[in-house]
Amino acid sequence: MTERKHSQTKAYQNPAFLNSRDGRALRILSEYLEPKSRFDHHKVEDTIVFMGSARIKSREEAEELVRQAESGGGDLESARMALRMSAYYEAARELAARLTRWSKELDHEERRFVVCTGGGPGIMEAANRGASEAHGMNVGLTISIPTEEFDNPYVTRELSFHFHYFFMRKFWFAYLAKAVIVFPGGYGTMDELFELLTLVQTRKMRKPMPMVLFGTEYWKNIVDFDALARHGMISPTDIELVYRTDSVDEAYDWIVRQLAEKALGQPGATL
């Protein structure tokens, strides 16, 4: 009688289990260990995080929208607003390039203050693009959401990550960051901004965290921080947790000074 051989599957090779409710803890752990392995391999010590809207277009794209609208191919008012907002795309691109060139001069062995974004279009693309144009490695932390496909070709391939869990993606934003620059954005940007502000305010984040709000008019219209203080919802000193500017030069000088004073001698990820 011929002995029948049974095909057996190891637990860690069982897709049904790994994608099941019972496998959730392993999936969460994977979104910690796999990125950590890559960051360690490429010697990425810490990051400068750029946040902002995925909807902001480059100057070239916005100018094309205006041309189309003027020819009857779209909403002219919306196109003109896109052109106005494109100034933030170009500012993020320039600032990321300058910070990348500065960081590359620091250490040829370890990669310090690497530009990191959410890996999407808009402000994220602009920052990755600027870092790429400065010939620096940069990070993209994308998330799986039901939205249209996008292409951000400027993220360094080896440092392009794709997350399922928002909280694990946020962990990697916060854990590696030594500075954060927040450009105009919507719900997602404000969610990320206020989570970081809460961590700093409550001192759950103990490392220095220089934060820039870029675009004073926009942020003044969107969030009335002074009103929060007047109503006693935050302390007046909490308003100073962010540095406000409209200038790439000012943002660059302030961030470099803060990093040189508070982070340069303390490489590595930490909260």
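Residues numbered from 1 in each chain as written. Predicted model: local features only at pLDDT ≥ 70, side-chain atom pairs only at ≥ 80, totals over all residues. Heavy atoms only, no water.

Enquirer: What should I look at first to understand the overall build of the protein chain in this one?
Expert: From N to C terminus, the protein chain includes 10 helices and seven strands. For the C-alpha atoms alone, the extent of the protein chain along its principal axes is close to 85 × 55 × 45 Å. Excluding contacts between residues fewer than 6 apart, the proportion of contacts in the protein chain whose partners are at least 24 apart in sequence is 74%. When the accessible surface of the protein chain is summed, it comes to about 15600 Å², and 50% of that surface belongs to carbon and sulfur atoms. (Helix = DSSP H or I, 4+ residues; strand = E, 2+ residues; numbered from the N terminus. Contact = heavy atoms within 4.5 Å. Areas by Shrake-Rupley, 256 points an atom, 1.4 Å probe, with all protein chains shown as cover.)

Enquirer: Honestly, unusual backbone geometry in this entry has me stumped. Any pointers?
Expert: Apart from glycine, the bulk of residues carry a negative phi angle, and the bulk of peptide bonds sit in the trans form. Phi angles above zero are rare outside glycine, and His-135 is one such case at about 60°. Locating His-135 in the fold gives a position in the loop between α5 (123-133) and β3 (139-143). Of note, the phi angle at Arg-203 is positive, near 60°, even though the residue is not glycine. You can call Arg-203 exposed: its relative accessible area is 69%. (Buried < 20%, exposed > 50% of the residue type's maximum accessible area, 1.4 Å probe, protein only.)

Enquirer: How should I be thinking about the pairing of strand β5 (residues 177-182) in this particular structure?
Expert: Consecutive side chains of a regular strand alternate in pointing toward one face of the sheet and then the other. The element β5 is largely enclosed, with a buried count of six among its six residues. When strand β1 (residues 47-51) meets β5, the two strands line up parallel, connected through five bridges. Looking at β5, one finds that Val-49 is bridged to Val-180. Relative to strand β6 (residues 211-214), β5 runs parallel, the two being bridged by three bridges. Looking at the pairing, Val-182 lines up with Leu-213 of β6. Following the backbone out of β5, through helix α7 (residues 187-201) and into the adjacent parallel β6, one traces a crossover that is right-handed. (Pairing = 2+ DSSP bridges. Right-handed = clockwise from strand over helix to strand, strands pointing away.)

Enquirer: Which parts of the structure should I look at to understand the side chain of Glu-31?
Expert: You can see Glu-31 is positioned in helix α2 (residues 24-41). Here Glu-31 is buried and forms no salt bridge, its nearest opposite-charge partner Arg-27 lying at an N-O distance of 7.7 Å. At 3.2 Å, the side chain of Glu-31 forms a polar contact with the backbone nitrogen of Tyr-165. For Glu-31, the residues in contact, after removing those within four places along its chain, are His-162, Phe-163, His-164, Tyr-165, Met-168 and Trp-172. (Lys, Arg positive; Asp, Glu negative; His and termini not counted. Salt bridge = Lys/Arg side-chain N within 4 Å of Asp/Glu carboxyl O. Polar contact = N/O pair within 3.5 Å; in protein donor to acceptor, adjacent residues only side chain to side chain.)

Enquirer: Would you take a moment to explain the nonpolar core for this structure?
Expert: The nonpolar side chains of a soluble globular protein tend to be buried, and buried together. Counting 36 residues, the largest nonpolar core has Phe-39, Val-139, Leu-141, Val-180 and Met-211 as the members making the most contacts within it. Other than its neighbours up to four places away in sequence, Val-180 contacts Val-49, Met-51, Leu-196, Met-209, Pro-210, Met-211 and Val-212. In this structure, Met-85, Ala-91, Ala-126 and Phe-183 belong to the second largest nonpolar core, which totals 31 residues. (Core = buried A, V, L, I, M, F, W, Y, C linked by side-chain atoms within 4.5 Å.)

Enquirer: Help me understand the pairing of β3 in this model?
Expert: The buried fraction of β3 amounts to five of the five residues, a majority that puts the element mostly inside the structure. Neither face of β3 is open: one carries Val-139, Leu-141 and Ile-143, the other Gly-140 and Thr-142, and all of them are buried. Note: strand β2 (residues 114-117) against β3, two bridges, orientation parallel. The partner of Thr-117 across the bridge, within β3, is Gly-140. Handedness of the crossover joining β2 and β3 through α5: right-handed. In this sheet, strand β4 (residues 160-163) lies alongside β3 in parallel orientation, the contact comprising four bridges. Bridge pairing in β4 links Leu-141 to Phe-161.

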